[in-house]
Amino acid sequence: MAGGEESLVTSVFLLDLVRQICVVGTSGAGDKNNNNNVFRKDCMDLVRRVSLLTHFLEEISGQLGSLNALGSCSSSSKEINWSSDLVAALQSAKNLLSLAGIFQSTNDSDSAAKKIATLFHSVTWKLERSLANIPYDQFDISEEVQEQVALVRAQLRRATERYGSKNSREISFAFAQPIEKDDGQSPMGNRLTRSRHIENSGGVSHKVAENIQTAVSGSNGSKDHSAYQVASELNVVDGGEKDSLGSKSGEDLKKHDTLKVPDDFLCPISLELMRDPVIVATGQTYERSYIQRWIDTGNSTCPKTQQKLEHLTLTPNYVLRSLITQWCAEHKVEQPTGLANGRIKKSDGSFRDVSGDIAPIQAIVRKLSSRLIEDRRAAVSGVRSLSKRSTDNRILIAEAGAIPVLVNLLTSEDTLIQENAVTSILNLSIYENNKALIMLAGAVPSIVQVLRAGSVEARENAAATLFSLSLADENKIIIGASGAIPALVELLENGSTRGKKDAATALFNLCIYQGNKGRAVRAGIITALLKMLTGSRNCMVDEALTILSVLASNQDAKVAIVKASTIPVLIDLLRTGLPRNKENAAAILLSLCKRDPENLASVSRLGAVIPLTELAKNGTERAKRKATSMLEHLRRLQQN
């Protein structure tokens, strides 16, 4: 596609994205009677500011492809940078509005509310930065539109300062900590986060997820400075004088080697700017490759604090990574990535030369946008094939800009293109850094649409993709709010055997977040799970019990489980189930009976004492604990 055509597509895409934001924002937060939505005003303010960009984008749409606008061919990369930054910022705004627009204030929602407030801070900062990078002097813009853009930037700047002053006192690095950790669920979590094999169109099997585990930090470790205090400090840079709407003063363009990198951005081990910061059990943040090497060499302590690590899970610090990206863009510092000078950095610190693979991958990614359906079909099939082969390919494909294009192809009417696009995204999501890029591209609504109406294979792989993305805790909220849960429950009931297993895995992971449990219950998950427990084939009893054990801590779920006459089924499993089934059945019964004498009496009447006594003697360690606790509750009931 010629440069001018690409530019036209960009401008049309930007305009369409602004219109989508207006629709999402006004439909989600526009209900004046929705008094429980504490973010209604924030949503409407953000929509109003974004909508003011419509006239600017319309004015420049006819100028993007011309030499007069670009100045020279060498400016094309600059155009791509500012436009891609603006797309990313608008996509973030759209995702945030989808989430905040349906937020309902409850007694249990303080943590989620703080996280959404944090996102408003981040998104407004990102929008203002992307608008600052537009080369306004290269376009013929009317004075009225210039004033509108200047107004939007000023409003965004003030909003960023307001969010910063409010959030920096309240929100620390806990934003990157796990949303919820259910007691005793790790064995089931490991069971469901199993390796999974997908057959590609050529019949070749490959791993889609290998020993992936939910990133649970399990620590409330603190930092010397809050992430958003750092963000507030970065915003001070914007105080420099501007020559015009977009041109920066010479002071802003000084070389980055004279800049002082914020201490929080440096890995404590390597003292280098981090590209993939992760949090360890003590709450400290390190560059993934260096801390992984530290752990792989047999160390079980935190290098900075010397405290023993309670576990070795590495939780991605998305907040800090976003701040580093923003800082690099602001100061014209090249962002450290997995790919540099044709080489990819390995976890042991060494490099692999992939320079020979870059050009072929870039060529095939370009064909994803071809006007010819045959070219698109061949290209997306090629990306699927390449993305399943190696981590290097997943990095290179993402670096080539494939993810936003693949997301657009999810809505293709061509079944084969849609299947290959969703499977490519699934493969790409295996690489941790790509998860954020996929979310940033606004992929979730389209993935949910594929889950609802795609082919059998496309639906299966859409469910697996949602599972992979939901491994990041903040994504659980966004995916849960997207309408994915009813679609997953439908697949759990009526999908193929593999589709049911993929849906079960995704639902388990999403329901770790408390806010998604009510959504799952309303979607009819209890009925679906009961069918799995009582079905003649009994092929998914393990999965059904695992999900029920997570849901049983939710009051709505407890009511639905009891109403569905599940207690007799659970007691029967205490007698006849496999060791893991007995363990989960006891855990669910305990959750149902805590502070509920009526359920406890029902369990007693149905003869649970004998199998519970047997389980307390001969079950797994966890089963013994749960059975013993249940027997103690039953004894107290008899005494009363």
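So, how was this worked out
- Residues numbered from 1 in each chain as written.
- Predicted model: local features only at pLDDT ≥ 70, side-chain atom pairs only at ≥ 80, totals over all residues.
- Heavy atoms only, no water.
- Helix = DSSP H or I, 4+ residues; strand = E, 2+ residues; numbered from the N terminus.
- Buried < 20%, exposed > 50% of the residue type's maximum accessible area, 1.4 Å probe, protein only.
- Contact = heavy atoms within 4.5 Å.
- Areas by Shrake-Rupley, 256 points an atom, 1.4 Å probe, with all protein chains shown as cover.
- Core = buried A, V, L, I, M, F, W, Y, C linked by side-chain atoms within 4.5 Å.
- Axes fitted to C-alpha atoms, helices over the stretch in contact; angles between N-to-C directions.
- Left-handed = near helix turned anticlockwise from the far one by under 90°.
- Nonpolar A, V, L, I, M, F, W, Y, C, P; charged D, E, K, R; others polar.
- Phe/Tyr/Trp six-rings, centres within 6.5 Å; stacked < 30°, edge-to-face > 60°.
- pLDDT = per-residue confidence, 0-100.
- Salt bridge = Lys/Arg side-chain N within 4 Å of Asp/Glu carboxyl O.
- Pairing = 2+ DSSP bridges.
- Polar contact = N/O pair within 3.5 Å; in protein donor to acceptor, adjacent residues only side chain to side chain.
- Expected span 1.5 Å × (residues − 1).
- Arc of directions from axis to C-beta.

Draft legend 1. Spatial organisation of the overall build of the chain. Each helix and strand in the chain was counted, giving 31 helices and eight strands. Split into buried and exposed, the 640 residues of the chain put 54% on the buried side. Taking all contacts inside the chain whose residues are at least 6 apart in sequence as the whole, residues at least 24 apart take part in 71%. Summing over all exposed atoms, the chain offers an accessible surface of approximately 28,000 Å²; the carbon and sulfur share of this is 50%.

Draft legend 2. Quick look at the nonpolar core. Formed by 103 residues in total, the largest nonpolar core has its most connected members in Leu368, Leu406, Leu488, Leu492, Ile525, Leu529 and Leu551. For Leu492, the contacting residues outside a window of four places in its chain are Lys500, Ala503, Ala504, Leu507, Ile525, Ala528, Leu529, Met532 and Met540. Core analysis: the next-biggest nonpolar cluster, separate from the first, contains 44 residues, Leu90, Val145, Val152 and Ala159 among them.

Draft legend 3. Seen up close, the packing of helix 28 (residues 579–593) against helix 31 (residues 621–639). Orientation of helix 28 relative to helix 31, taken along the N-to-C sense of each, is 35°, at an axis distance of 9 Å. Of the two possible hands of crossing, helix 28 and helix 31 adopt the one that is left-handed. Facing helix 28, whose interface residues are Glu583, Asn584, Ala586, Ala587, Leu589, Leu590 and Cys593, helix 31 presents Arg622, Ala623, Lys626, Ala627, Ser629, Met630 and His633. Looking at the contact of helix 28 with helix 31 residue by residue, the class counts come to eight nonpolar, three polar and three charged.

Draft legend 4. A look at the packing of aromatic side chains. In this structure the tally under the stated criterion is two aromatic pairs. Between the aromatic rings of Phe265 and Trp327, the centroid separation amounts to 6.1 Å while the plane-to-plane angle is 80°, which identifies the pairing as edge-to-face. With a gap of 62 residues between them, Phe265 in the loop between helix 9 (227–235) and strand 3 (277–279) and Trp327 in helix 11 (residues 318–330) connect regions that are remote in the sequence. Taken as a pair, Phe265 and Trp327 share a single burial class, namely buried.

Draft legend 5. Structural detail: the environment of Glu272. Structurally, the position occupied by Glu272 is in the loop between helix 9 and strand 3. Along the backbone, Glu272 and Glu287 are 15 residues apart, and their C-alpha atoms lie at a distance of 8.6 Å.

Draft legend 6. Structural view of the confidence of the model for the chain. The predicted model of the chain has a mean per-residue pLDDT of 74, with 73% of residues at 70 or higher. Confidence, expressed as mean pLDDT per element, reaches its minimum in the chain at helix 9 with 24 and its maximum at helix 16 (residues 415–428) with 96. Scored below 50 in pLDDT, residues 1–9 makes nine contacts in the model with residues more than four places away or belonging to other chains.

Draft legend 7. Highlighting the pattern of salt bridges. Inspection of the entire model under this criterion finds 18 salt bridges. One salt bridge in this structure joins Arg377 and Asp414, with 2.5 Å as the shortest N-O distance. Of this pair, Arg377 sits in helix 13 (residues 373–387) while Asp414 sits in the loop between helix 15 (402–409) and helix 16, and the two are 37 residues apart along the sequence. Among the residues examined, Arg377 registers a relative accessible area of 29% and is labelled partly exposed. Among the residues examined, Asp414 registers a relative accessible area of 14% and is labelled buried. Here Arg622 ties to Glu583 by a salt bridge, and the two come within 3.1 Å at their closest N and O atoms. One end of the pair, Arg622, is in helix 31; the other, Glu583, is in helix 28, with 39 residues separating them in the sequence. The same class applies to Arg622 as to Glu583, namely buried.

Draft legend 8. Summary view of the sheet that holds strand 5 (residues 315–316). Read across the open sheet, the three strands follow the order 4-3-5; overall the sheet is antiparallel. Since the sheet does not close on itself, it has two edges, and those belong to strand 4 (285–287) and strand 5, each with one partner. Bridge analysis of strand 3 against strand 4 gives three bridges, and the strand direction is antiparallel. Each residue of the ladder has a partner; that of Pro277, found in strand 4, is Glu287.

Draft legend 9. Quick look at the side chain of Ser370. Tracing the backbone through its elements, the reader meets Ser370 in the loop between helix 12 (355–366) and helix 13. At 3.1 Å, the side chain of Ser370 forms a polar contact with the backbone nitrogen of Leu372. Setting aside chain neighbours within four positions, we find Ser370 in contact with Asp375 and Arg376.

Draft legend 10. Spotlight on helix 31. The terminal C-alpha atoms of helix 31 lie 27 Å apart, and with 19 residues this matches the ideal 27 Å at 1.5 Å per residue to within 8%. Along helix 31, the residues classified as buried are Arg622, Ala623, Lys626, Ala627, Met630, Leu631 and Leu634. When helix 31 is viewed along its axis, its buried side chains cluster within an angular range of 160° and face the same direction. Helix 31 presents Glu621, Arg625 and Gln639 as exposed residues on the side facing more than 90 degrees away from its buried surface.

Draft legend 11. Quick look at unusual backbone geometry. Although it is not a glycine, Gln306 adopts a positive phi angle of roughly 65°. Structurally, Gln306 is set in the loop between helix 10 (288–296) and strand 5.

Draft legend 12. Region of interest: the packing of helix 24 (residues 525–534) against helix 25 (residues 541–551). Two numbers describe how helix 24 lies on helix 25: the axes approach to 8 Å, and their chain directions differ by 145°. As for how helix 24 packs across helix 25, the hand of that crossing is left-handed. Contact with helix 24, carried on its side by Ile525, Ile526, Leu529, Met532 and Leu533, involves Val541, Glu543, Ala544, Leu545, Ile547, Leu548 and Leu551 of helix 25 and no other residues of that element. In the contact of helix 24 with helix 25, the residues fall into eleven nonpolar, no polar and one charged.

Draft legend 13. Molecular detail of helix 13. Taking 1.5 Å of rise per residue, 15 residues should cover 21 Å, and helix 13 covers 21 Å from first to last C-alpha, within 8% of that figure. All of the buried residues along helix 13 are Arg376, Ala379, Val380, Gly382, Val383, Arg384, Leu386 and Ser387.

Draft legend 14. Broad picture of the environment of Ser385. Mapped onto the elements, Ser385 comes out in helix 13. Separated by 42 residues in the primary sequence, Ser385 and Asn427 have C-alpha atoms spaced 9.4 Å apart. Within the structure, Ser385 has its side chain in polar contact with the side chain of Arg389 (distance 3.1 Å).

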